[in-house]
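Structural overview
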Amino acid sequence: AQSVTQPDIHITVSEGASLELRCNYSYGATPYLFWYVQSPGQGLQLLLKYFSGDTLVQGIKGFEAEFKRSQSSFNLRKPSVHWSDAAEYFCARGNFNKFYFGSGTKLNVKP
Amino acid sequence: DAMVIQNPRYQVTQFGKPVTLSCSQTLNHNVMYWYQQKSSQAPKLLFHYYDKDFNNEADTPDNFQSRRPNTSFCFLDIRSPGLGDAAMYLCATSRVGTGVSYEQYFGPGTRLTVT
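Let me sum up the structure you'll find in this document. Just so it is clear, the model here is predicted, and its values are computed rather than measured. (Residues numbered from 1 in each chain as written. Chains lettered and ligands numbered in written order. Predicted model: local features only at pLDDT ≥ 70, side-chain atom pairs only at ≥ 80, totals over all residues. Heavy atoms only, no water.)

When you go through chain A residue by residue, the secondary structure sums to zero helices and twelve strands. Listed N to C, the secondary structure of chain A is β-β-β-β-β-β-β-β-β-β-β-β in terms of helices and strands. Taken over the C-alpha trace, chain A has a radius of gyration of 13 Å; the compact-globule value for 111 residues is 13 Å, and the two agree within 12%. Overall size of chain A, expressed as C-alpha extent along the three principal axes, is 40 × 30 × 20 Å. By the burial criterion, 45% of the 111 residues in chain A qualify as buried. Taking the intrachain contacts of chain A between residues at least 6 apart in sequence as the baseline, contacts between residues at least 24 apart amount to 53%. (Helix = DSSP H or I, 4+ residues; strand = E, 2+ residues; numbered from the N terminus. Rg over C-alpha atoms; globule rule 2.2 N^0.38 Å. Buried < 20%, exposed > 50% of the residue type's maximum accessible area, 1.4 Å probe, protein only. Contact = heavy atoms within 4.5 Å.)

Residues and elements named next belong to chain B. The buried fraction of strand β4 (residues 31–37) is high, at seven of seven residues. Residues Val31, Tyr33, Tyr35 and Gln37 point to one face of β4 and Met32, Trp34 and Gln36 to the other, with burial holding for every one of them. Across six bridges, the pairing between β4 and strand β5 (residues 44–50) is antiparallel. Note on β5: the bridge partner recorded for methionine 32 is tyrosine 49. Between the end of β4 and the start of β5, which pair antiparallel, lie six residues, with serine 40 showing a positive phi angle near 60 degrees. (Pairing = 2+ DSSP bridges.)

Let us look at the environment of methionine 88 of chain B. Along the polypeptide, methionine 88 of chain B turns up in strand β9 (residues 87–94). A relative accessible area of 4% places methionine 88 of chain B in the buried class. Sequence separation between methionine 88 of chain B and threonine 13 of chain B is 75 residues, and the spatial gap between their C-alpha atoms is 14 Å. Sequence-distant contacts of methionine 88 of chain B, defined by excluding residues within four places in its chain, comprise Gly41 and Gln42 of chain A together with Tyr35, Gln36, Gln37, Pro108, Gly109, Thr110 and Arg111 of chain B.

Glancing now at the side chain of glutamine 25 of chain B. Residues and elements named next belong to chain B. With respect to the helices, strands and loops of the structure, glutamine 25 is situated in strand β3 (residues 19–25). Owing to a relative accessible area of 4%, glutamine 25 belongs among the buried residues under this scheme. From its side chain, glutamine 25 meets the backbone oxygen of histidine 29 in a polar contact 2.8 Å long. (Polar contact = N/O pair within 3.5 Å; in protein donor to acceptor, adjacent residues only side chain to side chain.)

Taken together, the contacts link 21 residues of chain A with 22 residues of chain B. Here chain A meets chain B over a buried area of about 1800 Å², counting both sides, of which 57% is carbon and sulfur. Its salt-bridge partner being lysine 98 of chain A, residue glutamate 57 of chain B comes within 3.0 Å of it at the nearest N-O pair. Here chain A is connected to chain B by seven residue pairs in polar contact (both at pLDDT 80 or more). If you list the elements that add at least two residues to the side of chain A that touches chain B, you get β5 (32–38), β6 (44–50), β10 (87–95) and β11 (98–101) of chain A. Sorting elements by how many residues they give to the side of chain A that touches chain B places β5 of chain A first, with four residues. (Buried area = accessible area lost by both parts, 1.4 Å probe. Salt bridge = Lys/Arg side-chain N within 4 Å of Asp/Glu carboxyl O.)

Written out as structure tokens, the structure is:
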């Protein structure tokens, strides 16, 4: 079965520190992969996506993600976190017209 | 700006009293989705429309129904809400077809409270 795993439920980083959120997917074919961010009480906003090509993908708000087929991973990174990045982050895998979401990682940012 | 709009943003209903949530889009996307999201959980797909074709998830309770009268609008009907149906309901859209991107665009959600 297709699945997406986000092993970290909560992460706390200091403002200005670097960030990496982990995402692993199962199922063999080249996936369509996405990262979304959700602020409290809001809908999901697309940060970036990977379909094919360059394995390092740039997104909005200074985020990037790297697709590593050998590790079945699509980790999200940001070199310097801002307090406004505190939110919940969801990794998702698309298959035609359906999405499979990870369970999410809640990011806290310390001043 | 093209967008996905959900109304109302907050809805309070009584136990067992039918309620309808609304979603509209200006993106002209051919697929519309309804998700249920409970606190600190991932969105759970309830069903989606691919054009006019309705696709129900196997574990979606019969209590949940949907209508899509045209490309722009989609409704979620909860026939007899229970306390366990209190959640955030998210509408999303996507354009699915050859040579187009597959990301989903989400509305801001409707927070449903059942009293």
